[in-house]
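# Report on the structure
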Amino acid sequence: MRRSDEMDLSKRALRGRDLVVFSNDWDGDPLSKVHIMRILSRDNRVLWVNSIGNRAPKVNAHDANRIIRKLKSFSEGIREVEPNLHVLAPLAIPFYGSETVRHANRHLLRLQVLRAMKQLKFERPISWSFLPASAPVSGTLGEDFVVYHCVDEFSAFSDTNGKHIAELEERLLRRADMCITSAERLYENKKKLNARTVLVRHGTDFTHFVKACDAQTKVPEDIAKLPKPIIGFFGLVADWIDQDAIVACAKAHPEGSVVIVGKTTPDCDDSKLRAQPNIHMLGRKPYADLPGYNKAFDVALNPFVINELTLNSNPLKVREYLASGLPVVSSDLPEVRKVGLCRIATTPEDYVKQVNAALADNPGPNRERAEKIFHESWEARVAEIRQHVGEAMLAAGKKL
């Protein structure tokens, strides 16, 4: 294909289409899926189907509250949250171990999605799944094309039934017309089951996060008066976070502060973090406020334990730290090495060493440093996605 043809294809593909998207709940933090679909919704109509779950609910307050929220969202029907972007909160029973429930779930979910599609007058839809749990429904909605967009090794999450999730994903991979992956390790694995697998790495919301370098950006009060240096982290505190590395950094800098912006998952014990006097756990903050918190950081951390889940990950926060102009110390993950620009640590002691090196070498947000990640925008990534989907659709004999 000539270069001019490629440009023409990327301009024509994924425009004027109806997309049925299976993903995380819309109202959560804006992950890669939200960024991608916000851009695509400028030229397409999107029906965003909230999470139908990767695990069975547990008997705890967190899951009880989540069920209540889902029931409330379901009662609201289809919501147009942004122009061309409609959200459906379906009722589903995520007990994947029961074949009877799985069968009932399939019919319940399919009926709800078909009803929403009819209400929105969707035609020749493309179904776009970010979750293996959509496998029983993807490909049964009269779709013109089916995309599986894989951004994690879902069967490796500790709170899921890995065997059943793997079965669902295999089914989805075999059914999909193409698979898009966000990490090279995912690409190598998924292409074994779907030859039409491509790699499109994450982008970053550069315009948003580079505000950390702006003199006009306000630092929130709960971090503004903390002792310096500030070693920062934002995101979920879950079982894939290396708490020992965070504690080591706090102990190495008793004169300073370690700040954690984000919530702790219900099944994660964060007591060792809370026991350290200079670790400040500020809780989850609005996405709009993150540049202000990053502005206060001197060094940013991406402390992941090394396991099958994290080796397949492409941590979005690394690009967001870099777009904020921050020096970054990260665990040794393949996709972080691909990005470059980060200091790599392999042990808690190594984290201390690398943080100290970063503190000694121009700490805090720096616009020149941020510009090095400018080309990694979500706009550029969506252009790649349009190109790949256009090529796959033409190869399958579909009209763009």
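Residues numbered from 1 in each chain as written. Predicted model: local features only at pLDDT ≥ 70, side-chain atom pairs only at ≥ 80, totals over all residues. Heavy atoms only, no water.

Under an unreviewed UniProt entry, the protein chain has the name Glycosyltransferase family 1 protein and belongs to Corallococcus soli.

### Comments concerning the packing of aromatic side chains
To be explicit about the condition: Note on aromatic pairs: the rings of Phe, Tyr and Trp (six-membered ring only in Trp) are paired at centre separations within 6.5 Å, and the planes decide the class, stacked below 30 degrees, edge-to-face beyond 60, tilted for the rest.
Tallied over the full model, the rule gives seven aromatic pairs. Put simply, the rings of Phe-209, Phe-234, Tyr-287 and Tyr-321 touch in pairs and so form one group of aromatic residues.

### Here we look at unusual backbone geometry
For clarity, the cut-off: A helix here means a DSSP run of H or I that spans at least four residues, while a strand means a run of E at least two residues long, and both kinds are numbered starting from the N terminus. Categorising residues by exposure relies on relative accessible area from a 1.4 Å probe, with only protein chains included: less than 20% of the type maximum marks a residue as buried, more than 50% marks it as exposed, and the intermediate range marks it as partly exposed.
For the bond from Lys-228 to Pro-229, the omega torsion is 0°, close enough to zero to count as cis. Tracing the backbone shows Pro-229 in the loop between α8 (221-224) and β9 (230-234). The phi dihedral of Asn-84 is positive, around 70°, even though this residue is not glycine. Its location among the elements puts Asn-84 in the loop between β3 (79-82) and β4 (85-88). We classify Asn-84 as partly exposed; its relative accessible area is 27%. For Asn-362, which is not glycine, the phi torsion reads 60° and is therefore positive.

### Things to note about the nonpolar core
Threshold: As used here, the term nonpolar core means buried Ala, Val, Leu, Ile, Met, Phe, Trp, Tyr and Cys residues forming a set that is joined through side-chain atoms within 4.5 Å. Between two residues, a contact is recorded if the distance between any of their heavy atoms is within 4.5 Å.
Ile-223, Ile-279 and Phe-297 are the most contacted members of the largest nonpolar core, which totals 72 residues. Excluding residues that lie within four positions of it along the chain, Phe-297 makes contacts with Ile-223, Ile-230, Gly-232, Phe-233, Val-259, Val-261, Tyr-321, Leu-326, Gly-364 and Pro-365.

### Some points on helix α15 (residues 348-359)
The line we're drawing: What a helix is expected to span follows from its residue count: subtract one and scale by 1.5 Å.
Between its first and last C-alpha atoms α15 spans 17 Å; for 12 residues at 1.5 Å apiece the expected length is 16 Å, and the two agree. Looking at the buried positions of α15, the neighbouring elements they touch are β9, α9 (243-252), β12 (299-302), β13 (328-331) and β14 (343-345).

### As for the pairing of strand β1 (residues 18-22)
Heads up, the condition is: When DSSP finds two or more bridges between a pair of strands, those strands are recorded as paired. Convention used here: a crossover is right-handed provided that the path from the first strand, over the helix, to the second strand proceeds clockwise when the strands point away from the viewer.
With five of its five residues buried, β1 lies for the most part within the structure. Of the two faces of β1, the one carrying Asp-18, Val-20 and Phe-22 and the one carrying Leu-19 and Val-21 are both buried. Note: β1 against strand β2 (residues 45-49), five bridges, orientation parallel. Within the sheet, the bridge partner assigned to Val-21 lies in β2 and is Trp-48. Crossover connection from β1 via helix α2 (residues 32-40) to parallel β2: handedness right-handed. Pairing of β1 with strand β5 (residues 126-129) involves four bridges; the strand directions are parallel. Its bridge partner being in β5, Leu-19 is matched across the sheet by Ile-126.

### Here we look at the packing of α2 against helix α17 (residues 378-395)
The axes of two packed helices give the description: the angle between them and the distance between them. Where we set the bar: To get an axis, a line is fitted to the C-alpha atoms, and for a helix only the part in contact is used. The angle between two axes follows their N-to-C directions and goes from 0 to 180 degrees. To sort the angles, those under 35 degrees are grouped as roughly parallel, those over 145 as roughly antiparallel, those from 65 to 115 as roughly perpendicular, and the leftovers as oblique. Residues are sorted three ways: Asp, Glu, Lys and Arg are charged, Ala, Val, Leu, Ile, Met, Phe, Trp, Tyr, Cys and Pro are nonpolar, and all the rest, Gly among them, are polar.
Two elements in contact, α2 and α17, have axes whose closest approach is 10 Å; the angle formed by their N-to-C orientations is 75°. When the axis of α2 is compared with that of α17, the two are roughly perpendicular. Between α2 and α17, the residues in contact are Ser-32, His-35, Ile-36, Ile-39 and Leu-40 and Trp-378, Glu-379, Val-382, Ile-385 and Arg-386, respectively. Grouping the amino acids of the contact of α2 with α17 by side-chain chemistry returns six nonpolar, two polar and two charged.

### Observations regarding the sheet that holds β9
Each strand in a sheet pairs with its neighbour through backbone hydrogen bonds, running either in the same direction (parallel) or in the opposite one (antiparallel). Read across the sheet, six strands follow the order β11-β10-β9-β12-β13-β14 without closing on themselves; strand pairing throughout is parallel. Among the strands making up the open sheet, the edge pair consists of β11 (279-281) and β14. Pairs of neighbouring strands in the sheet enclose a mean axial angle of 25°, with direction left out of account. As paired strands, β9 and strand β10 (residues 257-261) are joined by five bridges and run parallel to one another. For Gly-232, the partnering residue across the bridge sits in β10 and is Val-259. Each of β9, β10, β11 and β12 touches α9; the most contacted strand, β10, lies at about 145° to it. Taken strand by strand, α15 contacts β9, β12, β13 and β14, and its axis lies near 160° from that of β14.

### Describing the pattern of salt bridges
What counts here: Here a salt bridge means any side-chain nitrogen of Lys or Arg lying within 4 Å of a carboxyl oxygen belonging to Asp or Glu.
Taken as a whole and assessed by the stated rule, the structure comprises 29 salt bridges. Note that Arg-45 is salt-bridged to Asp-18, the shortest N-O span being 3.0 Å. Of this pair, Arg-45 sits in strand β2 while Asp-18 sits in strand β1; the two residues are 27 residues apart in sequence, bridging distant segments of the chain. Close ionic contact of Arg-174 with Glu-170 constitutes a salt bridge, the shortest N to O distance being 3.0 Å. In this pair, Arg-174 and Glu-170 are both assigned in helix α5 (residues 162-175), four residues apart and thus about one turn of the helix distant. Under the relative-accessibility criterion, Arg-174 is labelled exposed at 53%. Residue classification places Glu-170 among the partly exposed residues on the basis of a relative accessible area of 34%.

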